[in-house]
Amino acid sequence: MRINRFLAMSGLGARRACEELVREGRIEVNGVTVDTLAFEVDPDRDRVTCDGERLRPPRVLLYAMMHKPSGVIVSADDERGRLTVYDLLPERLRGKVKAVGRLDQGSEGLLIFTNDGLLAHALLHPRRGVPRTYLAWVSPPPSGESLARLRSGVPLGRGERSGAADVRVLGARGGTARIRLILREGKNREIRRMFRAVGSRVLALRRVGFGDLYLEDLPAGKVRPLNPGEVAGLRETSGLAAGG
């Protein structure tokens, strides 16, 4: 197995990021610094380290999804003692999987967990453009001009700009609009910042889809394993099915 693939499977990042680790001389195999990207390793026999810490790709790949409740943070631990998504994982998954991406504390919805480093990084890589689908309840309802701006991208501040988005109003009542958005990137608090840029405030936000995987009727706080078809769909959507 090529060293960059081994590193990616161990959760160190996308293959290009792993290649940088090799170029920087931070990877050793059996105590010898790796100096070529063509280096082959045997996962069962070789001792591979990064900055002295041993790396081991998972022997069994695990995939699950959670309906993250609002008020829960996406963090492995919290110095303020707040409830985290890892506290909600069943015992069989604790310490074995990581969340793919984030949802802010006030948001809820679909969160994927896996120990498959290659898939996790492919799903999040901007070049792959994997769609994320959200429902947002906002006030006041944005005008037609504001919706057009959201679809083409708006300044978010700090030198950032949102990308093109599919934005559709599903309904409006009492000064609040329910809006579906499909994004293909994942900037920090992006949807809240998008609506702020056009003069609206997000009252509630729920992620209902990631690639071809949908939240459907999974109750808040619950976790379920992904079936093989769902995993295959995520791999295809992220380009891994074609060897990406």
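Residues numbered from 1 in each chain as written. Predicted model: local features only at pLDDT ≥ 70, side-chain atom pairs only at ≥ 80, totals over all residues. Heavy atoms only, no water.

### Some thoughts on the sheet that holds strand S3 (residues 48-50)
Threshold: Paired strands are those between which DSSP finds at least two bridges. Strands are runs of DSSP state E lasting at least two residues, helices are runs of H or I lasting at least four, and both sets are numbered from the N terminus onward.
Overall, antiparallel pairing links the 4 strands, which are arranged S2-S1-S3-S4 in an open sheet. This sheet does not close on itself; its edge strands, each paired only once, are strand S2 (32-33) and strand S4 (53-55). The pairing of strand S1 (residues 27-29) with S3 spans 3 bridges and is classified as antiparallel. From the neighbouring strand, Ile-27 faces S3, where its bridge partner is Cys-50.

### Here's the deal with the pairing of strand S11 (residues 166-173)
Bridge count for S11 against strand S12 (residues 176-183) is 7 bridges, and the pairing is antiparallel. Residue Asp-166 lies in a different strand from S12, and its bridge partner there is Ile-182. Once S11 ends, the chain turns through 2 residues before running back antiparallel as S12, passing Gly-174 with a positive phi of about 55°.

### Examining helix H2 (residues 15-23)
Note the threshold: Whether a residue is buried, partly exposed or exposed follows from its accessible area with a 1.4 Å probe, protein chains only, as a fraction of its type maximum: under 20%, in between, or over 50%, in that order. What the arc describes is the spread of directions from the helix axis to the C-beta atoms. Should any heavy atoms of two residues lie within 4.5 Å, those residues are considered in contact.
When we look at burial in H2, the residues that qualify are Cys-18, Glu-19, Leu-21 and Val-22. For H2, the buried positions fall inside an angular range of 155° around the axis, keeping them on one side. Facing away from the buried side of H2 by more than 90 degrees, the exposed set consists of Arg-16 and Arg-23. Packing partners of the buried residues in H2 comprise helix H1 (3-9), S1 and S3. Just downstream of H2, Gly-25 is the residue with a positive phi angle, here 75°.

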